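# Breakdown of the fold
This is what each chain is made of:
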Amino acid sequence: RGVTQVSSWVDQVIASFLPGGAVAMLGYAQTLYILPISLFGMSVSSAELPELSSGLGAEKLRERLDTALRRVAFLVVPSAVAFALLGDRVVALVFQTGAFGAEDVRIVWTVLAGSAVGLLAMTLGRLYASAFWALHDTRTPLRFAMVRVALSAALGAGLAFGGPRLLGLDPRLGLAGLTLGSGLAGWLEMLLLRRALNLRVGRTGLPASFSLRVWGAAFGGAAAGYGVKLVGTGLGPVLLGALVCSVFAASYGALTLLFRVPEASALAGTIRRRLGVS
């Protein structure tokens, strides 16, 4: 259950061998990229566990799991795209005050972009682990979690120390190798969990049409946010970051509604009911 925290701790240990300030920079990035994992991945998987454990049978379990996978992906995919393509404005919005300057923003952004690679896999993996717990199997997720931590440490160390040296980059940018290695290991864990579960209950996962619509909407929203970023260069970091994030979120919501993503329609309906709009 705590594999994300263990992996983050291993990353901090490796970062302590990088140039001064690396641990602090990694901490800033972790504060941001663990947020969607906790808000969406952990919360949805915990909420779904009682239903998955209620003896629904293989077919009902698959249906319930697939619904939860789509719900999580609808929220996490835009988070990953925003971190990768607009992460400098996200970081500046939250942290750029006082001695935290533009160079610090650039470094934390690279770390955040590395984490975006595995963000979806990490959150979907929590749901697959919950499905195994619902089947009274705790050993399979544990074995795959151990594989993930070991691979994450090996890849992270190799990329953190070898990447900047090979590419002639600032050694501090090796931090991005840590989160990239963790993300790749997260994908392996998720794929192993999915394969093992599919052998037991049948095919599960995100439909290709759903993935195309959600990713397309996220990239479309990022394009709109990037346009605001270009024309708003004279604004302060907080105001510009707030505008970029707002335009991105609004564009993503509008595009998912246009593409008829069911989760977007459900969310819009919930908002209308809360606002009392018929």
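Our subject is the structure listed above.
This write-up is about the structure you can find in this document.

Cut-off values and rules
- Residues numbered from 1 in each chain as written.
- Predicted model: local features only at pLDDT ≥ 70, side-chain atom pairs only at ≥ 80, totals over all residues.
- Heavy atoms only, no water.
- Phe/Tyr/Trp six-rings, centres within 6.5 Å; stacked < 30°, edge-to-face > 60°.
- Helix = DSSP H or I, 4+ residues; strand = E, 2+ residues; numbered from the N terminus.
- Buried < 20%, exposed > 50% of the residue type's maximum accessible area, 1.4 Å probe, protein only.
- Core = buried A, V, L, I, M, F, W, Y, C linked by side-chain atoms within 4.5 Å.
- Contact = heavy atoms within 4.5 Å.
- Salt bridge = Lys/Arg side-chain N within 4 Å of Asp/Glu carboxyl O.
- Patch = residues over 30% accessible without salt bridge, like charges linked within 9 Å, V, L, I, M, F, W, Y side chains within 5 Å.
- Areas by Shrake-Rupley, 256 points an atom, 1.4 Å probe, with all protein chains shown as cover.
- Axes fitted to C-alpha atoms, helices over the stretch in contact; angles between N-to-C directions.
- Left-handed = near helix turned anticlockwise from the far one by under 90°.
- Nonpolar A, V, L, I, M, F, W, Y, C, P; charged D, E, K, R; others polar.

For the rest of this paragraph, the subject is the packing of aromatic side chains. Counted according to the given criterion, the structure contains five aromatic pairs. Judged by centre distance (5.6 Å) and plane angle (35°), the rings of phenylalanine 74 and tyrosine 252 are tilted. Taken together, the residues span a long stretch of sequence, with phenylalanine 74 in helix H3 (residues 58-85) and tyrosine 252 in helix H10 (residues 237-258) at a distance of 178 residues. Of the two residues examined, phenylalanine 74 and tyrosine 252, each falls in the buried class. Members of the aromatic cluster, joined through ring pairs, are Tyr28, Phe95 and Phe100.

This next bit is on the nonpolar core. Residues Phe83, Val91 and Leu175 are the most contacted members of the largest nonpolar core, which totals 73 residues. Excluding residues that lie within four positions of it along the chain, leucine 175 makes contacts with Ala15, Leu18, Ala22, Met25, Leu26, Ile107 and Val111.

In this structure, threonine 179 sits in helix H8 (residues 174-201). Here threonine 179 is in contact with Leu26, Tyr33, Val111, Gly114 and Ser115, once residues within four sequence places are set aside.

All chains considered together, the criterion is met by eight salt bridges. Between lysine 60 and glutamate 63 there is a salt bridge, with its nearest N and O atoms 3.9 Å apart. Taken together, the residues span about one helical turn, with lysine 60 and glutamate 63 both in helix H3 at a distance of three residues. According to the relative accessible area criterion, lysine 60 is partly exposed, its value standing at 46%. Residue glutamate 63 is classed as partly exposed on the basis of its relative accessible area, which comes to 38%.

In this section: a nonpolar patch on the surface. The grouping of Trp9, Val13, Phe17 and Phe161 at the surface amounts to a nonpolar patch, some 440 Å² of accessible area in total. Mapping valine 13 onto the fold places it in helix H1 (residues 3-15).

Looking at where leucine 75 falls in the secondary structure, it is placed in helix H3. The spacing of leucine 75 and valine 214 is 139 residues in sequence and 9.4 Å in space, taken between C-alpha atoms.

A word on the packing of helix H6 (residues 119-134) against H8. Packing of H6 against H8 leaves a shortest axis separation of 8 Å and a crossing angle of 30°. Classified by chirality, the crossing of H8 by H6 is left-handed. Within the contact between the two elements, H6 uses Leu120, Ala121, Met122, Leu124, Gly125, Arg126, Tyr128, Ala129, Ala131 and Phe132 and H8 uses Ser182, Gly183, Gly186, Trp187, Glu189, Met190, Leu193, Arg194, Ala196, Leu197 and Arg200. Its residues placed into classes, the contact of H6 with H8 shows 13 nonpolar, four polar and four charged.

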